[in-house]
Amino acid sequence: MQTHAIGFVHPSQDPGQMRALNGVLLLSISLSVLSSAARALELGPCEPAKAVKIIDTSLKEGKTLEQAMEMMIKAKVFDGSKACITFIRETSMTMRDPYPRAFKSLWLN
């Protein structure tokens, strides 16, 4: 068995597949950050469109995705559920032209 450095892409691996795996990893990390932040704050209703706007604006200001999601929680547009995260990601896809940073962070990174 041969070992490789973390992040090493073997020529037989599809780079698109690796980006998708990285996206899933980032989303998992974000969900864990959201869970801990959500326990500390009172949550509001799930409002995906407002959440996308907040995430995009925060990213435009130079914040990380985790910081942007904390802003979303503080704005009370997230109810703490995994379903809400799914709705936010789907909404970011439909709003990708006016809010490209949110779309790229939630789908492409």
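For the structure, see preceding data.
Everything quoted here is computed from the prediction, not taken from an experiment.

Draft legend 1. Seen up close, the overall build of the protein chain. A tally of helices and strands in the protein chain yields five helices and zero strands. Element order for the protein chain, N to C, with α for helix and β for strand: α-α-α-α-α. Across the 109 residues that make up the protein chain, the buried fraction comes to 29%. Long-range pairs, those at least 24 residues apart, make up 70% of the contacts in the protein chain with a sequence separation of at least 6.

Draft legend 2. Up close: the state of the cysteines. Scanning the model with the defined rule gives one disulfide in all. Through a disulfide, Cys 46 is tied to Cys 84; the S-S separation comes to 2.2 Å. One quick way to see it: the torsion about the S-S bond of Cys 46 and Cys 84 is about 95°, and its sign makes the bridge right-handed. Of this pair, Cys 46 sits in the loop between helix H1 (15-40) and helix H2 (48-60) while Cys 84 sits in helix H4 (residues 82-94); the two residues are 38 residues apart in sequence, bridging distant segments of the chain.

Draft legend 3. Geometry of a nonpolar patch on the surface. A surface patch of nonpolar side chains, about 260 Å² in accessible area, is lined by Met 93, Trp 107 and Leu 108. Mapped onto the elements of the fold, Leu 108 is located in helix H5 (residues 100-108). For Leu 108, a relative accessible area of 48% corresponds to the partly exposed category.

Draft legend 4. The arrangement of the side chain of Ser 58 in detail. For Ser 58, the position within the fold is in helix H2. The exposure class assigned to Ser 58 is buried, which follows from its relative accessible area of 4%.

Draft legend 5. Seen up close, H2. For H2, spanning 13 residues, the distance from its first C-alpha to its last is 18 Å, which sits close to the expected 18 Å at 1.5 Å a residue. Of the residues making up H2, those classed as buried are Pro 48, Ala 51, Val 52, Ile 55, Asp 56, Ser 58 and Leu 59. Down the axis, H2 shows its buried residues gathered within 165° of arc, on one side only. Looking at the buried residues of H2, the elements they touch are helix H3 (65-74), H4 and H5. Directly beyond the C-terminal end of H2, a positive phi value near 95° is found at Gly 62.

What counts and what doesn't
- Residues numbered from 1 in each chain as written.
- Predicted model: local features only at pLDDT ≥ 70, side-chain atom pairs only at ≥ 80, totals over all residues.
- Heavy atoms only, no water.
- Helix = DSSP H or I, 4+ residues; strand = E, 2+ residues; numbered from the N terminus.
- Buried < 20%, exposed > 50% of the residue type's maximum accessible area, 1.4 Å probe, protein only.
- Contact = heavy atoms within 4.5 Å.
- Disulfide = S-S within 2.5 Å.
- Patch = residues over 30% accessible without salt bridge, like charges linked within 9 Å, V, L, I, M, F, W, Y side chains within 5 Å.
- Areas by Shrake-Rupley, 256 points an atom, 1.4 Å probe, with all protein chains shown as cover.
- Salt bridge = Lys/Arg side-chain N within 4 Å of Asp/Glu carboxyl O.
- Expected span 1.5 Å × (residues − 1).
- Arc of directions from axis to C-beta.

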